[in-house]
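# Descriptive analysis of the structure
Here is how the chains run, residue by residue.
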Protein chains: 2
Amino acid sequence: MSTVTDSAAQPPAKLARMRSEDRRESILAAATEVFGDYGYVGATTAQVARAAGVSQPYVVRMFGTKEKLFLEVLLRALGLLLTSFRATLAEESDEPLSRRLGLAYVDLLQDRGLLLSLMHGFVLGSDPAIGETARCGFLEVYTFLREEAGYSADESQAFLASGMLVNTMIGIRMSDEYDSNPVAAELLTAAFPERLELALGSGAVDASTAPQK
Amino acid sequence: MSTVTDSAAQPPAKLARMRSEDRRESILAAATEVFGDYGYVGATTAQVARAAGVSQPYVVRMFGTKEKLFLEVLLRALGLLLTSFRATLAEESDEPLSRRLGLAYVDLLQDRGLLLSLMHGFVLGSDPAIGETARCGFLEVYTFLREEAGYSADESQAFLASGMLVNTMIGIRMSDEYDSNPVAAELLTAAFPERLELALGSGAVDASTAPQK
DNA sequence: GTCTATATGCGGATAGAC
DNA sequence: GTCTATCCGCATATAGAC
């Protein structure tokens, strides 16, 4: 009964080779989650590697340094954010723009870690490279609101402020308290004008990476 | 001429002994700045020690672990925040409450790192102890707004959102761009309804701790 | 109360095989 | 393209003197 499957005779199941571009994207996606959960300094390249299903040195090899990897994560996140906003702006709808952009923003929470990684970047202004990228990206979003979406300075402020509160609620994992704490539930409802369920879905850390560290 | 001052015969100038309470407070203040600049994971106990003018092991000895130190920093910051808010609420004034609370909030920026340390805590919900403290503290502020300040849920949301944007502008060091970038200047003006100068003052890292790391 | 010296573990990065 | 093995530095924490 030990030779049931001949497939067991294959060489040690190594990872299938992948086109560099695809592998790159899958590592970036994994890194986005990990950085979102633990922050730039707190996350390890080993965690990223595990989440991406590759070896730790390979992650470093592909991006040069952990910092460069994080910068790529930030740029990718900003790109996805602006792409989503521009698509929202282009589509025709009866809903007011502010509501549509708000929904688009909250929809980004489906890509776990995306807004959180950005938030971690925003708070690391003291790091030269990360700070520069973060400031630049934030200003790009502000410029989008002012020039493309046609918002006033005050409208932009209010929109960005709501966004930062959303990020904070996610980062602080306030959704953990939703069921047990009525105050938390009220706060969450106020923070997520619509699509509250999206906030509640992204509570815990993915089981595949969480316990190992 | 070698015995001009007998005081030179003293033992190697060690640090003056201090009452435990005072030393504790001075370390907490130093830690608040360092954690604000580099985050919980990024900051080292050696940096805190240097900023406080004591040895690294002493910092650990006094607080047990780095994590416990950070938790104390968070609790201290939350305490100062609520104390400031309650004082604002108690004072009589013709100004609308929302403006006065907003000013009180921005005034906290004078205690460098205070709001920033909080922000770092808010974004680390994945850490059990830190997350718990952060959620609890955030809810305490929300409860203050709702019950003591008499805000509605929506008013509270708007206030907290503005606060999170302020925190982000400080963390990202947007003020560095104020002079050279008109867009950044406009954004900052919108983010700080009043007391913009307080935001601009807290740009760089203290010279005594920055370069060493 | 405060320090110096140090053990220990962990994480980023490199070398080199396949 | 991807891995294994490993080096090295750094940061927390401990031991113990003063």
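Here's a quick rundown of the structure. (Residues numbered from 1 in each chain as written. Chains lettered and ligands numbered in written order. Predicted model: local features only at pLDDT ≥ 70, side-chain atom pairs only at ≥ 80, totals over all residues. Heavy atoms only, no water.)

## So, the interface of chain A and chain B
Test applied: Two residues form a contact once any of their heavy atoms are found within 4.5 Å. When two parts are put together, the accessible area they lose, computed with a 1.4 Å probe and summed over both, is reported as buried area. Any Lys or Arg side-chain nitrogen found within 4 Å of a carboxyl oxygen on Asp or Glu counts as a salt bridge. N or O atoms within 3.5 Å of each other form a polar contact, as long as, within protein, one can give a hydrogen and the other can take it, and as long as residues adjacent in sequence are counted only when both atoms are side-chain atoms. Put simply, DSSP H or I for four residues or longer makes a helix, DSSP E for two residues or longer makes a strand, and each gets a number counted from the N terminus. When residue character is reported, Ala, Val, Leu, Ile, Met, Phe, Trp, Tyr, Cys and Pro are called nonpolar, Asp, Glu, Lys and Arg charged, and the others, Gly included, polar.
Taken residue by residue, the interface counts 43 residues in chain A and 43 residues in chain B. Buried area between chain A and chain B, both sides added, is near 3,700 Å², and the carbon and sulfur share of it is 69%. Taken together, the links from chain A to chain B amount to four salt bridges. Among the ionic pairs, Glu186(B) bridges to Arg146(A), the shortest N-O distance being 2.4 Å. Our count for the contact surface shared by chain A and chain B stands at 12 residue pairs in polar contact (both at pLDDT 80 or more). Of all elements in the fold, only helix 1 (20–42), helix 6 (114–122), helix 7 (128–148), helix 8 (153–171) and helix 9 (182–191) of chain A reach the threshold of two or more residues within the side of chain A that touches chain B. Within the side of chain A that touches chain B, the residues separate by chemical class into 25 nonpolar, 10 polar and eight charged.

## Quick notes on the relation of the copies chain A and chain B
Rule in force here: Residues reaching a pLDDT of at least 70 in both copies supply the C-alpha atoms on which the copies are superposed by least squares.
By a simple turn and slide, chain A fits onto chain B: the slide is 0.0 Å along the axis, the RMSD is 0.0 Å, and the turn is 180°. Taken together, the rotation and translation relating the two chain copies correspond to the operation of a two-fold axis. Measuring from the rotation axis to each C-alpha of chain A, the shortest distance belongs to Ala161(A), at 2.3 Å. Counting the interface residues of chain A, we find that 100% of their copies in chain B are interface residues as well, pointing to one common contact surface.

## A short note on the packing of helix 4 (residues 66–90) of chain B against helix 5 (residues 97–107) of chain B
All names here are of chain B. This is how the line gets drawn: All axes are obtained by fitting lines to C-alpha atoms, using only the stretch in contact for helices, and the reported angles, taken between N-to-C directions, cover 0 to 180 degrees. When the near helix sits turned anticlockwise from the far one by under a right angle, the crossing is termed left-handed; a clockwise turn instead gives a right-handed crossing.
Their axes nearest at 10 Å, the elements helix 4 and helix 5 cross at an angle of 145°. As for how helix 4 packs across helix 5, the hand of that crossing is right-handed. Counted together, Leu 81, Ser 84, Phe 85, Thr 88 and Leu 89 of helix 4 and Leu 97, Arg 100, Leu 101, Ala 104 and Tyr 105 of helix 5 form the full contact between these two elements.

## Considerations on unusual backbone geometry
Which entries qualify depends on this criterion: Whether a residue is buried, partly exposed or exposed follows from its accessible area with a 1.4 Å probe, protein chains only, as a fraction of its type maximum: under 20%, in between, or over 50%, in that order.
Of note in the backbone geometry, Arg173(A) takes a positive phi value of approximately 55° without being a glycine. With relative accessibility at 5%, the residue Arg173(A) sits in the buried group.

## With respect to the protein's contact with DNA strand D
As a reminder of what qualifies: We call a residue near a molecule or strand when any one of its heavy atoms sits within 4 Å of it.
Taken together, 19 residues sit near DNA strand D, with Met18(A), Ser20(A), Tyr58(A), Thr45(B) and Arg61(B) positioned nearest. Taking all atoms of DNA strand D within 4 Å of the protein, the share assigned to sugar and phosphate is 57%. In this structure, a phosphate oxygen belonging to DNA strand D sits 2.8 Å away from a main-chain N or O atom of Met18(A). Take Ser20(A): an N or O atom from its side chain is 3.1 Å from a phosphate oxygen of DNA strand D. At the level of secondary structure, the elements contributing two or more residues to the surface near DNA strand D comprise helix 1 and helix 3 (56–63) of chain A together with helix 3 (56–63) of chain B. For the surface near DNA strand D, the element with the highest residue contribution is helix 3 of chain B, accounting for three residues. Broken down by class, the residue content of the surface near DNA strand D amounts to eight nonpolar, six polar and five charged.

## Description of the pattern of salt bridges
Going through the model one piece at a time under the given rule, you end up with 24 salt bridges over all chains. Of the charged contacts in the structure, one is a salt bridge between Asp22(B) and Arg19(B), with a shortest N-O distance of 3.5 Å. When its relative accessible area of 36% is taken as the criterion, Asp22(B) is described as partly exposed. Its salt-bridge partner being Arg99(B), residue Glu95(B) comes within 2.7 Å of it at the nearest N-O pair. On the basis of relative accessibility, which here comes to 38%, the residue Glu95(B) falls in the partly exposed class. Ionic contacts of the salt-bridge type, sharing partners, join the residues Glu25(A), Arg76(A) and Asp111(A) into one network.

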